[in-house]
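# Fold and geometry: a report
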Amino acid sequence: MRVQSSDWIWRVRAGVFALLFLWLNLGPVWVQLLGGRSSALARPWRMYSGVGQEVCLVQYQTPDGTLLNRRKLLGFHGNIIRNKQLLLRTVLATREEALRICKMPENKGIDLRVTAHCSVRNRFHLALDPSVVLCP
Amino acid sequence: MMTWVRERMEATGSTRAVGLMRILLAALIASRWAGELMPVWHQEWWYWVLALFFYPAVTCMFFGIYSRWSTGLTAVVVAVMVWGFGWYGGVHDWIHHHTHLLMHATLLIALTPNGRSFSFDRWRAVGRAERDGTPVPAEIGPLWAVSLLAVQVSAVYFYSAIDKTTLRFLSGDHLRGIFAVHYTGSEAVEVPGFGVILLIGAVAVVALEYALPFALFVRRWQWFLFPLGLLFHGMLYILLPVGTFTCTMLTLYLAYAHPDDVHSFVDRLLKSP
């Protein structure tokens, strides 16, 4: 490729083009492939990678396997509730919620069990199974 | 590769696509920040100074008043907000990926002759030509920077696909976690086949994000890739709180379209009986 020496506009454009092309691509390469830190100039493209990394999915039941409605157990009878109110992130939070249910007067005497799958770095594992007695 | 670069450097053509992108990006910038920057919400003087530049710059960019300058000023203002206020001032809401994408797009569109179509500048130029009895100036200009807008979109797809190329995403577990956060709130979904749907969805997203960055450059495939991208981003827009990201990506699809195609498309739209 030959460039006329008088064609300075072409040279400036090519320089700016090359710099911007590198900037658009080297930022993600630096952070995502080379393990560098994200910064003002080096922007990775990791949309939603942090969302849903720590979540537990729970299903309450009785010892005989009858499934229970979690919202009713928590006292949300037809109320408008936000997902965040029902979101459990850890096994500890799941156990705490179960204890709260056990202590509610309307659930007095309940033998509560749960199947809880919790994610660690997005992989779900069985964290609690129905053999665990949740109400003391 | 060098041939591709050389062709891009020397590319000239219709400025209608960059004119449309200028208008749409200005609207997106306004929708993201115009409400938040109102002086009534801030006591600090530096926000007022920012607003003093932001509103006139974005308004002029939208209407195409001194387009190159107003787009350049908007790019500087948005860069100050994202880099200055966001990264160094601790305004974390301004350093999300959708604000970065808006900033990059504005910086790049400022390098194009975006005021030669659909602008107040164009209206003045046509008026001047009619007054002087000279030919109306053609809507043509150097488009070397337009390719960078397409490269930006491709980079978003490609590096996003790399990020998702993990067992945890491809198994559908990541989507299950996102679904729980935004929809079910830790309640296990007992719908039969739900896991398979998530798995297929995850694989499809990754495959699409690896294909689009390259395939979108192929002109003869664009007739079905553009609607496919619209469907993909439209679904994300409806299902997840993605802010201006979807609309910015779709706006930047115009950078892949051949300038002649956009020009004749608009001609066809405006054709009168």
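Residues numbered from 1 in each chain as written. Chains lettered and ligands numbered in written order. Predicted model: local features only at pLDDT ≥ 70, side-chain atom pairs only at ≥ 80, totals over all residues. Heavy atoms only, no water.

### As for the overall build of chain A
- Of regular secondary structure, chain A possesses 3 helices and 3 strands.
- Shown N-terminal to C-terminal, the secondary structure of chain A runs as helices and strands in the order α-β-α-α-β-β.
- Taking 136 residues into account, the globule formula puts the C-alpha radius of gyration at 14 Å, and chain A, at 27 Å, lies well above it.
- A principal-axis box enclosing the C-alpha atoms of chain A has dimensions of 90 × 30 × 20 Å.
- A buried classification covers 41% of the 136 residues belonging to chain A.
- Considering only residue pairs separated by 6 or more positions, chain A has 50% of its internal contacts joining residues 24 or more positions apart.
- Carbon and sulfur atoms provide 57% of the accessible area of chain A, an area that totals close to 8200 Å². (Helix = DSSP H or I, 4+ residues; strand = E, 2+ residues; numbered from the N terminus. Rg over C-alpha atoms; globule rule 2.2 N^0.38 Å. Buried < 20%, exposed > 50% of the residue type's maximum accessible area, 1.4 Å probe, protein only. Contact = heavy atoms within 4.5 Å. Areas by Shrake-Rupley, 256 points an atom, 1.4 Å probe, with all protein chains shown as cover.)

### Considering the overall build of chain B
- Across its full length, chain B holds 13 helices and 2 strands.
- Out of the 273 residues belonging to chain B, those deemed buried represent 48%.
- Considering only intrachain contacts with a sequence separation of at least 6, the fraction spanning at least 24 residues in chain B is 76%.
- In the form shown here, chain B has an accessible surface area of approximately 13200 Å², with 71% of it arising from carbon and sulfur atoms.
- Separation between the mean location of the 18 positive side-chain charges and that of the 17 negative ones in chain B comes to 9 Å. (Lys, Arg positive; Asp, Glu negative; His and termini not counted. Charge placed at Lys NZ, Arg CZ, Asp CG, Glu CD.)

### Side note on the pairing of strand β2 (residues 113-120) of chain A
Residue and element names in this part refer to chain A.
- Across 6 bridges, the pairing between strand β1 (residues 56-61) and β2 is antiparallel. Among the inter-strand pairings, leucine 57 is bridged to a residue of β2, identified as histidine 117.
- Of the strand pairs in this sheet, β2 and strand β3 (residues 123-128) are connected by 5 bridges, and their pairing is antiparallel. Bridge pairing links alanine 116 to leucine 128 in β3. (Pairing = 2+ DSSP bridges.)

### Considerations on unusual backbone geometry
- Unlike most non-glycine residues, A:Tyr48 shows phi in positive territory, near 65°.
- Looking at the element boundaries, A:Tyr48 is found in the loop between α1 (8-33) and β1.
- Look at B:Phe118: it is not a glycine, yet its phi comes out positive at around 50°.
- By the element assignment, B:Phe118 lies in the loop between α5 (97-109) and α6 (120-132).

### Notes on the pattern of salt bridges
- A complete count under the given rule lists 11 salt bridges over all chains for this structure.
- Between A:Glu97 and A:Arg70 there is a salt bridge; the shortest N-O distance is 3.0 Å. Placement of the pair is A:Glu97 in helix α3 (residues 91-103) and A:Arg70 in helix α2 (residues 70-73), with a sequence separation of 27 residues.
- On the accessibility criterion, A:Glu97 (2% relative accessible area) is buried.
- Using a relative accessible area of 4% as the deciding quantity, one classes A:Arg70 as buried.
- Shared partners join several salt bridges into a network, and the residues in it are A:Arg70, A:Arg71, A:Glu97 and B:Glu187. (Salt bridge = Lys/Arg side-chain N within 4 Å of Asp/Glu carboxyl O.)

### Some details on the sheet that holds β2(A)
- The sheet built from 3 strands is open, its strands ordered β1-β2-β3 (chain A) with antiparallel pairing. Looking at strand neighbours, the two that pair on one side only are β1 and β3 of chain A, the edges of this open sheet. Averaged over all pairs of adjacent strands, the angle between strand axes in this sheet comes to 20°, irrespective of strand direction.
- Against the sheet, α3(A) makes contact with β1, β2 and β3 of chain A, and its axis sits at roughly 30° relative to β1(A), the strand it touches most.
- Contacts from helix α9 (residues 173-184) of chain B reach β1 and β3 of chain A within the one sheet, and its direction differs from that of β3(A) by about 65°. (Axes fitted to C-alpha atoms, helices over the stretch in contact; angles between N-to-C directions.)

### Structural notes on the nonpolar core
- One finds B:Met21, B:Trp33, B:Met81 and B:Trp94 to be the most contacted residues of the largest nonpolar core, which totals 75 residues.
- Formed by 19 residues, the second largest nonpolar core is a distinct cluster that contains A:Leu112, A:Val114, A:Cys118 and A:Leu128. (Core = buried A, V, L, I, M, F, W, Y, C linked by side-chain atoms within 4.5 Å.)

### What to know about the packing of helix α2 (residues 16-33) of chain B against helix α13 (residues 259-270) of chain B
Residues and elements named next belong to chain B.
- With their axes 8 Å apart at the nearest point, α2 and α13 run at an angle of 75° to one another. Considering their axes alone, α2 and α13 lie roughly perpendicular with respect to each other. Where α2 abuts α13, its residues Arg16, Ala17 and Leu20 lie against Val262, His263, Val266 and Asp267.
- Among the residues making up the contact of α2 with α13, the classes are represented as 4 nonpolar, 1 polar and 2 charged. (Parallel < 35°, antiparallel > 145°, perpendicular 65-115°, else oblique. Nonpolar A, V, L, I, M, F, W, Y, C, P; charged D, E, K, R; others polar.)

### Observations concerning the confidence of the model for chain A
All names here are of chain A.
- Mean pLDDT for chain A: 86, with 91% of residues reaching 70 or above.
- Ranking the helices and strands of chain A by mean pLDDT puts β1 first, with 93, and α2 last, with 87.
- Note on residues 1-5: pLDDT is under 50 here. Beyond four places in sequence and across chains, it has 9 contacts. (pLDDT = per-residue confidence, 0-100.)

### Observations regarding the confidence of the model for chain B
Residue and element names in this part refer to chain B.
- With 100% of its residues at a pLDDT of at least 70, chain B reaches an overall mean of 94.
- Ranking the elements of chain B by mean pLDDT puts helix α1 (residues 2-9) last with 76 and α2 first with 97.
- Interface confidence in the predicted complex, given as ipTM, is 0.87; pTM for the same model is 0.90.

### Considerations on the interface of chain A and chain B
- Residue-level contacts link 45 residues of chain A with 54 residues of chain B.
- Surface buried jointly by chain A and chain B totals about 4700 Å² across both partners, of which 66% is contributed by carbon and sulfur atoms.
- Its largest share of buried area at the contact with chain B, chain A owes to A:Phe17, A:Trp45 and A:Tyr48, together 18% of the area lost on that side.
- Applying the counting rule to chain A against chain B returns 4 salt bridges.
- For B:Asp163, the salt bridge is made with A:Arg46, and the minimal N-O distance between the two is 3.4 Å.
- Along the contact surface separating chain A from chain B lie 17 residue pairs in polar contact (both at pLDDT 80 or more).
- Sorting the residues of the side of chain A that touches chain B by element identifies α1, β1, α2 and β3 of chain A as the ones contributing at least two each.
- With 14 residues, the top contributor of residues to the side of chain A that touches chain B is α1(A).
- Looking at the side of chain A that touches chain B residue by residue, the classes come out as 27 nonpolar, 10 polar and 8 charged. (Buried area = accessible area lost by both parts, 1.4 Å probe. Polar contact = N/O pair within 3.5 Å; in protein donor to acceptor, adjacent residues only side chain to side chain.)

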